[in-house]
Amino acid sequence: MWRGSSLCCLLAVAHLYFLRSVHSQEKEVLGAAYVPVTPHIDHLTANSSTRTLNLEWNDGGSAVPVDVEIQNVTWEIQILRKDPMETVALETYHSKLTANKMTILHWSWTSDIPLECTTHYVQIRCYHHLKDFPGTTSWSEWSSLAKIPGQDTGSVLKVFPVDEVVQVGSNLTFCCVWKTGQQFDSMGYGSYPPGQSPEPVHLSNWSVVIYVPNVNKSITSGDNAWCSINPIDVTGTTVFIGYPPDIPQSLTCETSDFKEITCEWKGGRPTNLYSPQRRTNYTLFESISGKNVTYNEKENPEYYRCNFSVLDNQRIYNFTVHGVNPLGQSEASISIDINYRVHLQTPTALTVINNNPTHVTLSWRLSGNLKPIMLRCLVRINSSGTTEGLRNVQLNGTESSDYSVSVDKLRPYTKYVFQVRCSAAEPFFWKWSRWSESKHYTTLEAPPAKGPDVWRERSPDGETVNIFWKPLPLSETNGLIQNYEVCWTEQDKGKVTQKVPAHNNSIAIKLGGKDYEFRVVAENKAGSSPPSLIKSAEVLTDSPMTEEGFATGDGVSIAWHNDSEVTCGYTVRWCAPGPGPCVVDWETFPSNVTHAVIKSALFEPGVRYSFTVLGCKDNGYQLMKYIDGYTKELSPRIAPKVLVKDTTSDSITITWEMFPVNESGGFLKGYLLQFAKGEEGRIKPRGFETGHPELFNITKPTQTKLKISNLQGKTSYHLNLSAYTAGGIGPGVSLYVVTKENAVGLIIAIIIPVAIVVVLALVTSLLCYRKREWIKETFYPPIPNPVNCKALEFQKGPCEGKANLKTLEMNPCTPNNIEVVETQYPCLKVEDTAITSPMADELPEDGFDSETESHIVVSYCPPIIEEEISNPPGDESAASSQVVYIDIQSVYPPQVKLKEEPEADYVAAAGYKPQMQLPINSLLKIEEMSSAEEDVDKAAGYRPQVNPPTWNTGCPDSPGSIESNKENASFGSPCSINSRQFLIPPKEDEESPKVINTGWSFANFFHNKPNDSP
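This text gives an overview of the structure that appears in the document. (Residues numbered from 1 in each chain as written. Predicted model: local features only at pLDDT ≥ 70, side-chain atom pairs only at ≥ 80, totals over all residues. Heavy atoms only, no water.)

## Focus on the environment of Ser218
- Position of Ser218 among the secondary structure elements: in the loop between strand 15 (207–212) and strand 16 (223–230).
- On the basis of relative accessibility, which here comes to 5%, the residue Ser218 falls in the buried class.
- When the C-alpha atoms of Ser218 and Val166 are compared, they prove to be 9.9 Å apart, with 52 residues separating the residues in sequence.
- Ignoring anything within four residues of it in the chain, the contact list for Ser218 reads Asp223, Val239, Phe240, Ile241 and Asn272.
- Reaching out from Ser218, the side chain makes a polar contact with the backbone nitrogen of Ile241 at a distance of 3.0 Å. (Helix = DSSP H or I, 4+ residues; strand = E, 2+ residues; numbered from the N terminus. Buried < 20%, exposed > 50% of the residue type's maximum accessible area, 1.4 Å probe, protein only. Contact = heavy atoms within 4.5 Å. Polar contact = N/O pair within 3.5 Å; in protein donor to acceptor, adjacent residues only side chain to side chain.)

Take a look at the structure:
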C-alpha cells in the first residue's frame, strides 16, 4: 500500500515539474508576441423572412492558459457578397473570455437585400485585451469563410422577396434571378410611372437588384414588382405596405345581465392589411383568472367586441387587449368592478293595465340575474305629441325578469304614450338602457270637469234671448260630449228643460216679457258637468263713448273702470266678421280684473274688431264701454278718392271722401299731401325725385277738404294724397293740376314798367330842361370862328398896303387860351393875342424873326382829338400828331388887293395847307399845277381828301362862290386824310347860307371849348 502511494506521489511531482517547464517555455514565447488562436465558425444559418444571418462560434477560452489574464475580447465580423466578393459590412462584437473555459457566442445581422438574391459570406477574427502583458498583442487570423448560398445559381427565375409585408415609409429592395441561358431585360415597381423605375444594380451573373425608398401604403391587393427576361418571360412578386396595430382606443367593459362581460374598443388607425394572414389579431386577456378570449369576428375599423363569461365570486376584473399583425403589436388595459359597470338591456314586452280614469299599471321584462343591485327606472309619459312628465321609480333586482309599476294622476279619456328605461340605482349607476318601444293607451271616461262657458244675446225687442256656449276643451270634457242640457224655472210651468245635440252651441228661448236665470250643463257617458248660470236681464244705462284698444300683435289690449256693484264678473263680447254670419264670441273675467288682452284664433291683422264690456250685477248685465281695436295695425289698403274742387291763380282746393273703415287697416291718424311742380306725363315730379317735395300733414282724420295757397299762376303741379295709420302709409292718389293765369298780376306787370319809364322820362326831361345850358356846353360847345380869331397879328394892317403873308405853324403843345372877337370890321385888324405855348420859347432862331422879316410865323396849338394823321411814308422823321383844323378866312378887307396876288391865287388854287411850315411865296417856284401839288404834298406831309375844284362852291365863303370876294375868299373846309368829316365848319352869319353838317365825331362830347367872346 505504501509503495503504491509513494509511486503516485513521485508521478505527481514529475507531472508538476513537466507542466512548470512547459509554462516557462510559453512565457518566453509570450514575452515576444501574443496572437490569439484563429477562431472557427461553428454554425451560420439564415432566416429569409427577416433577412437575418445567425452566427454561432466558440470563443476559444479552453485553449488559453490559466495564468493568462484576459479581460475582454473584440471580434470583427465581415460580411461579403457579389461576384467578385465585396465587403458589405464590417461589424464589431465584444465579449468576455474565461481562461480554460469554452463559451459559445451568438450574433445576428440583417441584410438590406433578400438573402435569396445572392450568396452571403461571413468570416471572423478576434483580439484579446491582455492585462499587464509585457509583450505585444495582435489580431488573430481570419476564420475560414462560411456562406449562405443564394438563388442566383442559374437554375430558377424568380423575384424576391415573395409576398413581403412592410411598414409605410420603409426602403424596399427587390432582386431578380434568372436561369442560365436567359438575359435580363428590365425591372420595375408598381407605384412608379412607366419608364421611371429605379435603375437596376447587378449582383452576379444571374441576379440584379433595385432599391425603392420611402414607400407609401399599398392598395388593398398589394403593390407589384416585376422582372422581364429575354427570351420573353416575366415574373414578379407582391408587397403589402401598411401600419402596425394602433393602441386600442376607448376600451370599455360592462355587463347587462351579470352573465357575461362585454368589452368594446376601437382599432384606431387602419393598418391597411386586410387578408387573414396579415390583419391584426386581438386577444382579450384577464390577468386575475389567467383566462383569455380571442376575437374571431371580421375586422371592423369602427369597433371590436369580445364577451367574457362572468366568474363566480369575482367582482374585480383586469382586462388587457393585445393586437398583433406582421408589422408589430399593441395593447391596452382596463380594470373594472362589474357592479359599477351595469348597462341593462332594453326593456321588452311593455303592457298597460287600466284601473280607473286616472290610474294605470305598467309592466315590462328585463333579462338576466339582477339580484345583486337595485334598479332605477324612468317612465316617460307623452300626450298630444308633448312630454307631460317622467316618473322615477326604484325596484329591487330579482332573479326573474318581470317588473311592474303603478302610474297615477292621469287625465280621463286621454291618449297617452308610455316608454320605460332602467339602470342600476345609486351608488352603482353607470348607464341608462335604451328606451323601450312605445305603448299607446287611452284612459277611461269621467264626467266633465266643469260647465260650459255661456253667454246670452237679447233680441232688439227683448222678447227672445239666444243662449250661447263654448265647447269644452278636451282636457275638461273627460270623454265624448253627447248633448247639452238647458233648463230654467217658470212660475206657471215650473222647471223647463231642453236637450241640445252636441254639435250645436246655442238655443233661442222666448221670454214672454219676463227674465229668467238659465242653467247649462254638458253630458257624456260618465255623467254631467257642473251647471253654468246666465241671467237674461239687462240694466239700462246711457250709451257710452267708443274708445280705442291697443294692438299687441297677437291680441287687443282693453281696459275698463272697476265697478263696485259688479258681483259676478265682467264679460267682454265681440263678433268676429267672416264670410258668413257674424260669429259671437266672449270672454269672462273675475270682478277684480280691469284689464285684459283679448286673443282669438279668428283674429286677423288689419281687421277692426268691436268689443263690448258688460258688468254682471245682481239684477242683470249692464253695458259699460265700447272698444274698437286691432290685433296689429297695418297701412291703409287703398288710396283716398280725391277731387279738385277749385283752382285759382295762387291756390288749389281739393276734397276727398271719408276713408272706409274696412280698408283702413288701422286707426286712421291723418293724411299726407305731397305736391311739387312738374310737367304732365312725368311719373314723378322733379321735387319728388330729389326727396324734397312740399308736404302737408293733415292730422285730423275727419278732415275732407284742403286749400293749398301761395302757388304760382299758370303752373303745373303734381299732388299725391295718401292716408296713414300707426301701421304705415297707404297707397296714394296722384293728381295733375295747372293753376289759372293771374290777370291782375299780368296787368300790374305791364303797368309798373310803363309807369317807371314815364316817370324816368319826365324826371330826365325836367333835369335836361333845367340843365340845358350845361348840357349844351358839355356835349355841343360852339366852335370858334377863325375870322374872329386874333391869333394873327401883323406889324402893319392890310389897309396900309402891307403884303406880308402870315402862315399858321402847327406845333404840339398843351391846349391854348385864345381870345376871339365876334365883330367883323370893314378893315379887320388882327390884334395881338395872348398865345402861350411851351414850344414858343424853344423855337429856333432861323432867320424868321417877327421883327426883321416880312413873313410872320404864328404858333398855334389846336385841341387834340381822336383823329390820328399818319405820316407820309417818305418822311420818317415826322411824328404822328392829332390835329383839329379850323376854317380860316382871309383877314384882308375886300377892297384891298395884295401885291402878291398871283401868289395868293395860287395858294387858293392849291388848297389850304395849314400844316405847312414853308413861306407861301415858296410856292411861286412851282411851274405847273400838277408838279406844284406833288411838291407841296411832299414838303407839307398833308393831302386833302378832295381836290379844290371839287369843293362845294355853293357856300358863300367857298373859293368858288360868286358872293364871296376872291381876295377874301375862304379855303373852304377840307378834310384830313384820316378824318370822317369836315374839320372846320364854315362861318355862320345872317348873310351866308347854313352849312350842312355832313359828319359828327364822338370826341365832340368830351371836347370842351370856351364860347366865342364878344
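## What about the state of the cysteines?
- Across all of its chains, the model carries 5 disulfides by this definition.
- The disulfide bridge from Cys117 ends at Cys175, spanning 1.7 Å between sulfur atoms. Its torsion about the S-S bond being -90 degrees, the disulfide of Cys117 and Cys175 is classed as left-handed. Here Cys175 lies in strand 12 (residues 172–177) and Cys117 lies in the loop between strand 6 (104–110) and strand 7 (120–130), a separation of 58 residues in the sequence.
- Accessibility expressed as a relative area gives 0% for Cys117, which makes it buried.
- You can call Cys175 buried: its relative accessible area is 0%. (Disulfide = S-S within 2.5 Å.)

## Some details on the environment of Tyr570
- When you line up the elements, Tyr570 lands in strand 44 (residues 570–576).
- Look at Tyr570 and you get buried, because its relative accessible area is 0%.
- As a C-alpha pair, Tyr570 and Gln622 span 52 residues in sequence and 9.6 Å in three-dimensional space.
- A polar atom in the side chain of Tyr570 sits 3.0 Å from the side chain of Asn562.

## Concerning the side chain of Ser649
- Along the polypeptide, Ser649 turns up in the loop between strand 49 (642–647) and strand 50 (652–656).
- Those residues in contact with Ser649 that lie beyond four places of it in its chain are Leu711, Gln712, Gly713, Thr739, Lys740, Glu741 and Asn742.

## What to know about the packing of aromatic side chains
- Under the criterion given, the structure shown has 31 aromatic pairs.
- Centroid distance Phe603 to Tyr609: 4.5 Å. Interplanar angle 40 degrees. Geometry classified as tilted.
- For Phe603, a relative accessible area of 10% gives the class buried.
- An aromatic cluster is present here, built from Trp265, Tyr282, Tyr295 and Tyr304 joined pairwise through their rings.
- The ring of Phe240 has Arg278 sitting right over it, with the charged end atom 3.5 Å from the ring centre.
- Positioned above the aromatic ring of Tyr769 is the side chain of Arg772, whose terminal nitrogen or guanidinium carbon lies 4.5 Å from the ring centre. (Phe/Tyr/Trp six-rings, centres within 6.5 Å; stacked < 30°, edge-to-face > 60°. Lys NZ or Arg CZ within 6 Å of the ring centre and 35° of its normal.)

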